[in-house]
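Remarks on the overall topology
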Amino acid sequence: MASLETEAEQEPLLGCRTSGSREWNVIETEEHYKSRWRSIRILYLTMFLSSVAFSIVIMSIWPYLQKIDPTADASFLGWVIASFSIGQMVASPMFGLWSNYRPRKEPLFVSIFISVAANCLYAYVHVPASHNKYYMLVARGLVGFGAGNVAVVRSYIAGATSLQERTSAMANTSACQALGFILGPEHRVDDSGRQCKSINFEEANTDEVQIPQGNIDQVAVVATNILFFVVLFIFALFETIVTPLTMDMYAWTREQAVLYGGIILAALGIEAVLIFMGVKLLSKKIGERAVLLGGLTIVWVGFFILLPWGNQFPKIQWEDLHNNSIPSATFGEIIINFWKSSREDHYEEPTGCPIEQAWCLYTPVIHLAQFLTSTLLVGIGYPACNVMSYTLYSKILGPKPQGVYMGWLTASGSGARILGPVFISQVYTYWGPRWAFSLVCGIVILTITLLGAVYKRLIAFSVRHGRIRESAS
């Protein structure tokens, strides 16, 4: 979004209205300014702690599931991982609607309570004598349900900031999430209580003040949801494929894949924090839409580089996995027999690209330099697209209550995190990385085309209805 140079941009969206005050002329006291930013920073902390809790658990789900219930196979592991996003997808619109009509602290308190209870259940799923895997499935689903409060957090931050403050606040929110994802794996083993109204959303009994006229651009809303879905879809499939891809291409053991993969993801988290800080400055110069377009282009380049080329082929894993409980080859088979136990019984786990995956015989290896370069580019493009998409979304919605709309945005992201891993696991297992990453490149091209088609509609509510001017970028 190009820079907005009128006074309206600098006015906070939350404020205490007085009778007779004008729609765009609200004087904010120093006390209220400190109060709203104190609330925003508390929500920063909430997002940070939520990400820490998620990242602590996610790396240990598979070993924990194997330990508590030997009957669980890799396909069930997929359902356990997906249950988090399913719960979040269901809860987000509900919490968003709740926050529109009641104080936002209510859905926040309830969601946090559900998250705490669900994590306690997850910690004790080993206690029942049977059906432990189903208890874990329920626990992760409830954790995801509690995580639906992201919609409330984003709607509050959108309403508690001016247009000038919005991009920075949203970037800070994403940075706090990224920090949580970095620090989590290192540990694995409103002040008054009333809902604040935007200065453009009037109390029902205020006759002197006019509610802003004009409808939300629903085409822009739907398009932004699709853009956000694709952004989350791409990153979800990328983080899903890192471990099996590196084990197939570089013959890494499970221990090596977990160690090096953790280092790579931590580096991505650090990179994301830097990008979140950088896009705040860049968006002021070229606008949010241009940053989003640039981010998608960088992501496309990253996946294009990841396509296999050349005449060198990966090491083939010829040995049968006799200890595997799964009778036929599946995507999960890649990650089942990983824990190296040579210290205990001198058993050397087979490494390389499993012969069950027929493409291993004719698909060239993806060189480590290709993989690292691709990871670097995806680590640049994803955070830029992520923060710009929901920053634009909040500005498109304007002064209307955003709880339900933010709930749908979060739900679309959760749906992407469900479908991304399923898509990449099926295509990668049966067709190989060339088809998988080619299809991803095609999806990104279609997304860039969509962005170009709606580019001029992705503007702030106030700009669209002529209250403030947007300078050309």
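Residues numbered from 1 in each chain as written. Predicted model: local features only at pLDDT ≥ 70, side-chain atom pairs only at ≥ 80, totals over all residues. Heavy atoms only, no water.

Focus: the nonpolar core
As a rule of thumb, nonpolar side chains are buried together in soluble globular proteins. What counts is decided by this rule: Only buried residues count toward a nonpolar core. Its members are Ala, Val, Leu, Ile, Met, Phe, Trp, Tyr and Cys residues joined through side-chain atoms within 4.5 Å. Exposure classes here rest on a 1.4 Å probe applied to the protein chains alone. A residue is buried below 20% of its type maximum, exposed above 50%, and partly exposed in between. Runs of E in the DSSP output that reach at least two residues are strands. Runs of H or I that reach at least four are helices, and both are numbered from the N terminus.
Grouped together as the largest cluster of nonpolar side chains are 91 residues, with contacts concentrated most on Ile157, Leu245, Phe303, Val387, Phe437 and Leu458. The greatest single-element share of this core, amounting to 19 residues, is contributed by helix α8 (residues 218-250). One finds Tyr64, Ala72, Val125 and Ala139 within the second-largest nonpolar core, a separate group that totals 12 residues.

Re the confidence of the model for the protein
Low pLDDT marks stretches whose predicted atomic positions should not be read closely. Using the following cut-off: By definition, pLDDT measures how confident the predictor is in each residue, and it falls between 0 and 100. For this analysis, residues touch if any pair of their heavy atoms sits within 4.5 Å.
Summing up the model confidence of the protein, the mean pLDDT is 75 and the portion of residues at 70 or higher is 75%. In this model residues 1-25 is a low-confidence stretch, pLDDT under 50, and it forms 82 contacts with partners more than four residues away in sequence or in other chains.

Some points on the packing of helix α9 (residues 254-286) against helix α10 (residues 288-305)
Going by this rule: To get an axis, a line is fitted to the C-alpha atoms, and for a helix only the part in contact is used. The angle between two axes follows their N-to-C directions and goes from 0 to 180 degrees. The residue classification treats Ala, Val, Leu, Ile, Met, Phe, Trp, Tyr, Cys and Pro as nonpolar and Asp, Glu, Lys and Arg as charged. All others, Gly included, are polar.
Between α9 and α10, the shortest axis-to-axis distance is 7 Å and the interhelical angle comes to 120°. Residue-level contacts link Val279, Leu282, Ser283 and Ile286 of α9 to Glu288, Ala290 and Val291 of α10. Residues belonging to the contact of α9 with α10 are distributed by class as follows: 5 nonpolar, 1 polar and 1 charged.

Some details on the packing of aromatic side chains
We count it as follows: Centres within 6.5 Å make a pair out of two Phe, Tyr or Trp rings, where for Trp the six-membered ring is used; the pair is then stacked when the planes are under 30 degrees apart, edge-to-face when over 60, and tilted otherwise. A ring has a charge above it when a Lys NZ or an Arg CZ is no more than 6 Å from the ring centre and no more than 35 degrees off the ring normal.
Considering all chains together, one arrives at 14 aromatic pairs under this definition. Measuring from ring centre to ring centre gives 5.9 Å for Phe238 and Phe303, while their planes differ by 85°; the resulting arrangement is edge-to-face. With Phe238 in helix α8 and Phe303 in helix α10, this pair connects stretches of sequence that are 65 residues apart. Owing to a relative accessible area of 1%, Phe238 belongs among the buried residues under this scheme. Each residue in the set Tyr250, Trp252, Tyr260 and Phe371 is aromatic and connected to the rest through ring pairs, giving one cluster. In this arrangement the basic side chain of Arg140 is found over the ring face of Tyr122, its NZ or CZ atom lying 5.9 Å from the centre.

A look at the state of the cysteines
How we decide: Here, the term disulfide refers to a pair of cysteine sulfur atoms separated by no more than 2.5 Å.
A full pass over the atoms with the stated rule returns 1 disulfide. The disulfide partner of Cys353 is Cys360, and the S-S distance across this bridge is 1.8 Å. The sign of the -55° torsion about the S-S bond sets the Cys353-Cys360 disulfide as left-handed. Look at Cys353 and you get buried, because its relative accessible area is 0%. Cys360 gets classed as buried once you look at its relative accessible area, which sits at 1%.

A short note on a nonpolar patch on the surface
This is how it is decided: Only residues whose relative accessible area exceeds 30% and that take part in no salt bridge are eligible for patches, with like-charged residues grouped when within 9 Å of each other and nonpolar side chains (Val, Leu, Ile, Met, Phe, Trp, Tyr) grouped when within 5 Å. Exposure was quantified through the Shrake-Rupley algorithm and a 1.4 Å probe, taking into account, for residues, occlusion by the shown protein chains and nothing else. A carboxyl oxygen of Asp or Glu within 4 Å of a side-chain nitrogen of Lys or Arg is what we treat as a salt bridge.
Nonpolar side chains collect at one region of the surface, where Trp79, Ile86, Val90 and Met94 lie side by side and expose about 400 Å² of accessible area between them. Looking at the element boundaries, Val90 is found in helix α3 (residues 74-101).

Some points on the side chain of Ser394
Rules: A 3.5 Å cut-off defines polar contacts: any pair of N or O atoms within that distance qualifies, except that in protein one atom must be a possible hydrogen donor and the other a possible acceptor, and neighbouring residues in sequence count only when both atoms are side-chain atoms.
Following the sequence through the fold, Ser394 ends up in helix α12 (residues 368-397). With relative accessibility at 0%, the residue Ser394 sits in the buried group. Within the local environment of Ser394, its side chain forms a polar contact with the backbone oxygen of Thr391, the two atoms lying 2.9 Å apart.

Here's the deal with α10
Condition: Expected span of a helix, by definition, is 1.5 Å for each gap between consecutive residues, and there is one gap fewer than residues. When we speak of the arc, we mean the arc of directions from the helix axis to the C-beta atoms.
If you check α10, its first and last C-alpha atoms are 26 Å apart, about what 18 residues at 1.5 Å a residue would give, namely 26 Å. Taken together, the buried positions of α10 are occupied by Glu288, Arg289, Val291, Leu292, Gly295, Leu296, Val299, Gly302 and Phe303. Angular distribution of buried residues about the axis of α10 spans 160°; they occupy a single face of the element.

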